[in-house]
Each structure stands twice: as C-alpha cells, then as structure tokens.
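Architecture and fold: a report
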Amino acid sequence: MESRQLQYFLAIASCGSMSKAAEILHISQPALSSALRNLEKEIGQKLFDRVGKKLVINENGRYLAEQARAAFNILNEAKRTIQDNEEKNRRSVRCSTNIPMGNVGAMISGFYEKHPGITISMGYANSPQFENRALDMELVSSVVKIDDENHIPLGKERILVVLPPDHDLADAQDIKLADLKDEPFLFSNPGEFRAIGEAMCQEAGFSPYVAMEMQLYSEIMSLVENGLGCCFAGEFTWLSGMENTYRFAAKQPSDVERHRYLYVRIPEHRTPTESTWTFINYLQDYADSLKRSV
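From a predicted model like this one, the values you see are computed outputs, not experimental measurements. Per-chain numbering applies: the sequence of each chain, read as written, is numbered from 1 onward. The predicted origin of the model limits local features to residues at a pLDDT of at least 70 and limits the giving and counting of side-chain atom pairs to 80 or more, whereas totals for whole chains, interfaces and linings rest on all residues. Excluded from the side-chain calculation are hydrogens and water; included are all heavy atoms of the structure.

The next point concerns the side chain of Ser92. Helical segments are the DSSP runs of H or I of at least four residues, strand segments are the runs of E of at least two, and each set is numbered from the N terminus. Here Ser92 shows up in strand E3 (residues 92–97). Among the residues examined, Ser92 registers a relative accessible area of 11% and is labelled buried. In contact with Ser92, not counting residues within four places along its chain, are Thr119, Asp136 and Ser275. Accessibility here uses a 1.4 Å probe with only protein chains present; expressed as a share of the type maximum, an area under 20% marks a residue as buried, one over 50% as exposed, and anything in between as partly exposed. Whether two residues touch is decided by their heavy atoms; if any such pair falls within 4.5 Å, the residues are in contact.

If you want it as structure tokens, here you go:
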C-alpha cells in the first residue's frame, strides 16, 4: 500500500465522486478508478457502495479513512518536527574547546549581539553535553604550525610570564626568565601548555620550583595576584579581560620566546554550516582584537 493510494482514496471519500476527485487530483478518471480497484484488491474489501451515480463510503471505507487521516497527521507532524530540528541545527554551533578564550562571557555575549539568531553550545569534547551529538568545530592549539584544510587559523599568541603586582620586577621594562629561577611557579595540570612553560624554564637554565598545581587558569591568576608565585600565560587565551578581575604584571622575557598557534579544527567528514562559518569569522576578528602590547 502506497501513500499515494491512500491520498487518492481520501480524495474520493471527500468528494463522493470519481470525476470530482480526479479533477482535484489532476489525474484521469480511469487512472483514479484503477488506483481504487488496486487498493480494494490489496485490502480484500470494498470501500465504497454505489448509490446511483454516486460513490458512498461504507463502514470499511470509513474505518480506513479514519486511520489514514491519523497516519497522515502523524507523518506531517514528524515532517514538521524534523524540519524544525534541522533549522535549529543550522542555527546552532556545537563547539568543544581545550583552550580558554580570554573573557569568554564577553566573547559570547558580543557574538549574540551581532548574531542573535545563532546559538552557541560550548564545552569539552567528552562532556555529556555533546554525547552522541556531532561537533561542528573544536578550538585547539599547537606549538607548531598546522597547514591542512581541517585547521582554520585564529591567530598566534605569545607565551608570557606573569608576576604578582608587587613583585620587584613588576615595573621593569626588560626582564629575563633566568631572573626568576628562584621564584615559585604555579602550573596547570600536565598538558601542552604546562610543557611549554617547563621547556621555557629549561632553556633559561633552570628547572622551575612548582609551588602549586591548579586545574583552572582563573585559580592560578588569583594565586599570582596574592603573591604566591609566578605563572606562564597565553597573551589572550589566558590574559584577555583579566585586567578587570585580577592585578598582575605580564612580561615578555627577553631571553626566551615562545608562542603557539590557535585553530578551529573542523571534524573529519563535517561540512561547516553557514552559522559555523559565522562563528569562526567572529572568533578570528575577536582573536585579532585581543592582541596585547607588553
């Protein structure tokens, strides 16, 4: 049984006339009659009784019409729901991140001001928020330049050393990382960023004394502000907007330089939607606006 057969049947039931139904459906009357005969043959029962020149739906036909209308209502509702969901998907961006993006509240609110119709879902890739849902993009970093079509550059940032606001070198115009060899350092959990900081210290000729380890960069910045040690920070992934929250002195060491590249990575076999590209372009502009002068 095909949906077309049921549509033809409902048209006949509504019109009570083969000729009127054929006219509404824009098909020939013989073709409509043939479709009805095939439907009745498949069901094994007559659906209409002939009263003179009229077709009068019988009990079997009334039951089938009721069920057919219910079925079409379900299908139409499913179609509307699927279309609505697809539209929501086109207007939303699922983004995972392993790097902070400065003052993320200002970043996202600024995006919503410009693009109020797009929703951003952001979190970690293994978060339940993204369970069984395809990611649209990922924010990643690399100490080496990546040149492939799946990585879209956002920018390049320097790795700075951050001192407490009342440190003896806080106002110095030029500092060397080696000058901090006896200072306590605050590090994040083991990972790429921590490895960068440790390598910088090694190049400066010392192994850092790790006073504390913290998971969140905001916790580390709070400890630095209170004079409990120094840390390393990305010039805008860590420090952007922090001036309004914490007191610190960020410096570019003259003896050791490091930077890292920031990218949007598009997952394999994922084609960015228009909304995804809108968010990527916004992030590129946002990253460019956060470049610091130290």
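Okay, unusual backbone geometry next. At His26, a residue that is not glycine, the phi angle is positive and equals roughly 60 degrees. In this fold, His26 is placed in the loop between helix H2 (18–25) and helix H3 (29–43). Exposure remark for His26: the relative accessible area of 74% places this residue in the exposed category. Here the phi dihedral of His269 falls at roughly 65 degrees; this positive angle occurs in a residue that is not glycine. With a relative accessible area of 83%, His269 lands in the exposed category.

Side-chain positions along a regular strand alternate between the two faces of the sheet. In terms of burial, E3 is largely enclosed, as six of its six residues are buried. Here E3 shows no split at all, with Ser92, Arg94 and Ser96 on one side and Val93, Cys95 and Thr97 on the other all buried. For two strands to be treated as a pair, DSSP must find no fewer than two bridges joining them. As paired elements, E3 and strand E4 (residues 119–123) share five bridges and run parallel to each other. The residue of E4 that forms the bridge with Ser92 is Thr119. By the bridge criterion, three bridges tie E3 to strand E5 (residues 137–142) in an arrangement that is parallel. If you follow Cys95 over to E5, its bridge partner there is Met137.

On to the environment of Glu203. Position of Glu203 relative to the elements: it lies in helix H6 (residues 192–203). For Glu203, a relative accessible area of 47% gives the class partly exposed. Glu203 sits 199 residues away from Arg4 along the chain, and the two C-alpha atoms are 76 Å apart.

We now examine a negative patch on the surface. Taken together, the side chains of Asp147, Asp148, Glu149 and Glu268 present a region of like negative charge at the surface. Counting through the fold element by element, Asp147 comes out in the loop between E5 and strand E6 (151–163). Under the relative-accessibility criterion, Asp147 is labelled exposed at 79%. Patch definition: residues above 30% relative accessible area lacking any salt bridge, with like charges linked at up to 9 Å and the nonpolar side chains Val, Leu, Ile, Met, Phe, Trp and Tyr linked at up to 5 Å. Each accessible area value is a Shrake-Rupley result obtained with a 1.4 Å probe; residue values ignore everything except the protein chains displayed when judging cover. For this analysis, a salt bridge means a side-chain nitrogen from Lys or Arg found within 4 Å of a carboxyl oxygen belonging to Asp or Glu. Positive charges come from Lys and Arg, negative ones from Asp and Glu, while His and the chain ends are left out of the count. Every charge is mapped to an atom, namely NZ of Lys, CZ of Arg, CG of Asp or CD of Glu.

Now for the nonpolar core. Nonpolar core, defined: a set of buried Ala, Val, Leu, Ile, Met, Phe, Trp, Tyr and Cys residues in which side-chain atoms within 4.5 Å join the residues together. Grouped together as the largest cluster of nonpolar side chains are 35 residues, with contacts concentrated most on Leu177, Phe185, Phe232 and Leu239. Elements with a minimum of two residues in this core: E6, strand E7 (184–188), H6, helix H7 (217–225), strand E9 (231–234) and strand E10 (249–251). Considering each element in turn, this core owes the most residues, five residues, to E6.

Two rings from Phe, Tyr or Trp (for Trp, the six-membered ring) form a pair when their centres sit within 6.5 Å of each other. Planes less than 30 degrees apart are called stacked, planes more than 60 degrees apart edge-to-face, and all others tilted. This model, assessed by the stated rule, comprises twelve aromatic pairs. Between Phe111 and Tyr282, the ring centres sit 5.2 Å apart and the planes meet at 70 degrees, which makes this aromatic pair edge-to-face. You can see Phe111 sitting in helix H5 (residues 104–114) and its partner Tyr282 sitting in helix H8 (residues 274–289), a full 171 residues away along the chain. Aromatic pair Phe193 and Trp238: ring centres 5.0 Å apart, planes at 15 degrees, arrangement stacked. Residue Phe193 is located in helix H6, and its partner Trp238 is located in the loop between E9 and E10; the two are separated by 45 residues in the primary sequence. Joined through ring pairs, the aromatic side chains of Phe111, Tyr112, Phe279, Tyr282 and Tyr286 make up one cluster.

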